[in-house]
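One-letter residues, chain by chain:
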Amino acid sequence: MSTAIIQSAAISKHFGSATILNGLDWQIMPGQVVGLLGRNGAGKSTLLECLLGLRELDAGSVRIYGEDVSQLGDATRARIGYVPQKSDLFEWMTPRQMLGYFQAFYPRWNAAKVDALLERWGFDKLMQNKPISKLSGGEQQRLSIIRALAHDPELLVLDEPVSALDPVGRRDFLRELIDGVIERGTTVVFSTHILSDLERVALDLAFLKDGKIALQGRLDELLEGARRVVGPAALLDQPLAGELRRQRAPDGTVSVITHGGAGLGALGKEAGVRVEPLSLEDLFIEVTQ
Amino acid sequence: MKTPLKDYWLVWRMAISARSRADLFVLGMTAFFSLVVGALVMLKKDDALLAASMALRTAVGGAMLGWMLYFVPGAVKLNSPINARLVPRLRRRLIESTALAWVCVVGFATLMSADTQLAPALVLLATGTWVAAYGLGQSGHPAGSWLQVAFAAVFFFNRRIPPALIDSLAGGAGFAIAFLLMLAFAAYALQHMFMHGGERHYAAREAQALQLERTSVEGQFKERKPGRFDAGLYRWVLARDSAARNSARLLVHLLGARNHWTNRALTLATILALAALALLVLRHYASAETVQMTRDIGWMFATPLLLGAMFDTEKRNVRLKETAGEQALLRLAPPLPAGAPAFNRKVAVTLLRTALLEWAMLAGAVLCAGVMTGASAASLFMQACLCCLTLPLVAAALRDHAHRSGLLGWRLLLGLIVSVSLSLGLGLVLERAAGLPFTAGAALVSIALTAALIARGFQRAQTAPYAFPAGRLA
């Protein structure tokens, strides 16, 4: 059995009186492609920052490639690529200068890949020599992704990497992610709100709610096993197997969200009971609400 | 309350809310100074009417100052291209309330001049034009700022203005023409301050935002767009440092292009070249007494350059706060040391080296200016000792950056006052005890104090959390 690349145990993080992460345990295995989902303010960025050691933990521990995250050595850091939510990219420099600057830090730098990405993603000579502050939000985000991919990282952490990209930019990014990153066996953790992108890329999903991973699993298995059961209260008064959430409507009917529960087939045959499959959007709403 | 009054009140509240607790500050300070002035006049003159009148003048003056410093920038900010077009009545009310306040300011100033030697007509013209220039400047129009500089020049060189010109403006047709020109200028300023949306407004917004930033202390230290020559120099330095792959040199770039020490060197070289030119002109054209006076006390005029050490410290503090996002990327960059103590030591050494270099450049420029003025060896020695008194400022670079970031403000000033006082006091003791020259003793104490502060700073860095991203635990 291979060892987890990221191993976090019982991590907690508070901002003032607000609890953001609450004894969260999470493991990322080599080659895994995980989409992290959660509502606005659920703590996705904080979780990713804590996993990378950019924020101090109030409790718990995180290890990356077996090293304590507060003591990551040179070799381990050279294996990590990170795209922050906000592209803070030395905006007084030009894209060329910024990439040259980061190249000086990394022992391995794939200049051919950088040039190819710059060309494919529309960074012509003029744009490459323009101050980064003058680039649009989407252009800055694309540059941030190029910077993170330039040293061929083995672990790529992306915090809402496509939030500022237009559909064409998103498609280009996803193509690069699938062909140039995931197929190389790179481990990817990324947070996003764009569920259609997740369905194209992520093999695994993790839902963050109340400072914990509320639900995690393979995307196809999650969608396969997720059901909404709607029926009269008299038939649904007992908790169902794999029940995630239960709601009672004003007309007295009960709606239950289950995941991987057995015996729904028989229940579905009862009069007045409906068993419906859930889309990823439905699942997101039901799990994170 | 009637609708227009409600609107004015709302507009006032919205405009000053751009700065937190501005209303309380303005009211508090105005009330305080009015009472102080009133009490002092009462104590000195024992005239209740005069005291009340002076207190009232101070109160009106304070309110006007508050209006200029808080309302005008806030109002310009409020009138965004979107608000100007889409929010009903907003732009109109902003224009009306600003015009009303202008009338009050001008009227009050004119009334105040009634019992002075100043001609009320001239006061009216000067105040009206200045207030309009101020508004224009606040809206990011360069002419506004230049006009304010021109006003300052008039203040200092008013004796050079031909009396006939002043007399012609003080009444009759001259006054009428000048008054109409002032009104036209005020209308133009108002129109520029509160544009009606559209392309021109969007284009002016960047300059407006820059001007608004300058109204806050922190904004003064923000990264500005480098000039063409600065950018060329920076491009060369960055390419050189990137090629060298020296992590300490690369770390310095976190402070930005305008704040790189090469930029400081360029600025100082330009100042010295201009000073040299001015001194050359002076030697050729000034009287023998003036040239001698330059030799005797000219070096003193270079001493304020030392205050640059304070600005440099604050500039670094603000830049570190602003580049927290970039610092996160550097935290993950391989060649920087692992573990908070080693990482912090590296950051501390880099920042300290930069601070020392910039201080040395400032001190060098001050001494160089002294040499250019032909100062004596004794004067140069005293100047060097004075430079040493600002040396403890370099230790301010060694902070617990994770917990504290941004401006040090009054703490820096207070720290400097304390260290200078201590150095001077102990310098006096050394003079009496060991016969060491007073300034030399003070300089030695200052150097020792700097060493102690640096040692303490490094000790603190050892136990502090990771310095980057700065301010995350504040």
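Calculation notes
Residues numbered from 1 in each chain as written. Chains lettered and ligands numbered in written order. Predicted model: local features only at pLDDT ≥ 70, side-chain atom pairs only at ≥ 80, totals over all residues. Domains from an automatic or database assignment. Contact = placed C-beta atoms within 7 Å. Helix = DSSP H or I, 4+ residues; strand = E, 2+ residues; numbered from the N terminus. Nonpolar A, V, L, I, M, F, W, Y, C, P; charged D, E, K, R; others polar. Pairing = 2+ DSSP bridges. Axes fitted to C-alpha atoms, helices over the stretch in contact; angles between N-to-C directions. Core = buried A, V, L, I, M, F, W, Y, C linked by C-beta atoms within 7 Å. Buried ≥ 20, exposed ≤ 12 C-beta atoms within 10 Å, placed from the backbone. Parallel < 35°, antiparallel > 145°, perpendicular 65-115°, else oblique. Expected span 1.5 Å × (residues − 1). Bend = angle between axes of the 7 residues up to and from the residue. Left-handed = near helix turned anticlockwise from the far one by under 90°.

(A) Broad picture of the domain arrangement of chain B. Structurally, chain B comprises domain 1 (3-216) and domain 2 (241-463). On a C-alpha basis, the centroid separation for the pair domain 1 of chain B and domain 2 of chain B is 38 Å.

(B) The interface of chain A and chain B, seen in detail. With 27 residues of chain A at the contact, the number on the chain B side is 23 residues. Secondary structure elements with two or more residues in the side of chain A that touches chain B: helix 2 (74-77), strand 6 (80-83) and helix 3 (95-103) of chain A. Broken down by element, the residue count for the side of chain A that touches chain B peaks at four residues, all from helix 3 of chain A. Class assignment of the residues belonging to the side of chain A that touches chain B gives a composition of 15 nonpolar, six polar and six charged.

(C) Representation of the sheet that holds strand 10 (residues 212-218) of chain A in the model. All names here are of chain A. Within the open sheet, the six strands sit side by side as 6-7-8-3-9-10. Their pairing is mixed. At either margin of the open sheet sits one strand with a lone partner, and together these are strand 6 and strand 10. Ignoring strand direction, the axes of neighbouring strands in this sheet form an average angle of 15°. Bridge count between strand 6 and strand 7 (residues 155-159): four bridges; the pairing is parallel. The residue bridging Tyr 82 from the neighbouring strand is Val 157, located in strand 7. In this fold helix 11 (residues 280-288) packs onto strand 3 (33-37), strand 9 (204-209) and strand 10, with an angle of close to 30° to the strand it touches most, strand 9.

(D) Up close: the nonpolar core. Core analysis: the largest hydrophobic core is formed by 127 residues, its most contacted members being A:Val34, A:Leu52, A:Met98, A:Ile146, A:Val157, A:Val189 and B:Ala467. Each residue touching A:Ile146, except ones within four places of it in the same chain, is listed here: A:Val114, A:Leu117 and A:Leu118. The next biggest cluster of nonpolar side chains, apart from the first, holds 33 residues, and it includes B:Ile16, B:Leu78, B:Val105 and B:Phe194.

(E) How the structure looks around the packing of helix 13 (residues 261-285) of chain B against helix 17 (residues 340-373) of chain B. Residues and elements named next belong to chain B. In the contact formed by helix 13 and helix 17, the axes pass within 10 Å of each other and the chain directions differ by 5°. With respect to each other, helix 13 and helix 17 are oriented roughly parallel. Facing helix 13, whose interface residues are Trp 261, Arg 264, Ala 265, Leu 268, Ile 271, Leu 272, Ala 275, Ala 276 and Leu 279, helix 17 presents Thr 354, Leu 357, Glu 358, Met 361, Ala 365, Cys 368, Ala 369, Met 372 and Thr 373.

(F) Just the domain arrangement of chain A, in detail. Residue and element names in this part refer to chain A. Assigned domains within chain A: domain 1 (6-210) and domain 2 (225-288). For domain 1 versus domain 2, the separation of C-alpha centres amounts to 36 Å. Each side of the interface is counted separately: domain 1 has nine residues, and domain 2 has five residues. Of all the elements in the fold, those that place two or more residues in the side of domain 1 that touches domain 2 are helix 8 (195-201) and strand 9. If you tally residues by element for the side of domain 1 that touches domain 2, the top one is helix 8, at three residues. Residues of the side of domain 1 that touches domain 2, tallied by class, amount to five nonpolar, one polar and three charged.

(G) How the structure looks around helix 5 (residues 90-112) of chain B. Here helix 5 of chain B contains 23 residues, and its C-alpha end-to-end distance of 33 Å stays within 8% of the 33 Å for a straight helix at 1.5 Å per residue. Against the buried residues of helix 5 of chain B lie helix 1 (3-16), helix 3 (48-78), helix 4 (81-86), helix 6 (120-138) and helix 9 (172-193) of chain B.

(H) Here's a closer look at the environment of A:Ile178. Relative to the helices and strands, A:Ile178 is located in helix 7 (residues 167-181). A sequence separation of 22 residues divides A:Ile178 from A:Arg200, and the C-alpha atoms of the two residues are 9.0 Å apart.

(I) Examining helix 3 of chain B more closely. Its 31 residues place the ends of helix 3 of chain B 42 Å apart at the C-alpha level, agreeing with the 45 Å of an ideal helix rising 1.5 Å per residue. Of all the bends in helix 3 of chain B, the greatest measures close to 35° and is centred on B:Trp67.

(J) Representation of the packing of helix 17 of chain B against helix 20 (residues 438-463) of chain B in the model. Residues and elements named next belong to chain B. Packing of helix 17 against helix 20 leaves a shortest axis separation of 8 Å and a crossing angle of 150°. Classified by the angle between their axes, helix 17 and helix 20 sit roughly antiparallel to one another. For helix 17 against helix 20, the interelement crossing comes out right-handed. Touching Pro 341, Asn 344, Arg 345, Ala 348 and Leu 352 of helix 17 are Ile 454, Gly 457, Phe 458, Ala 461 and Gln 462, all from helix 20. Of the residues belonging to the contact of helix 17 with helix 20, the class tally is six nonpolar, three polar and one charged.

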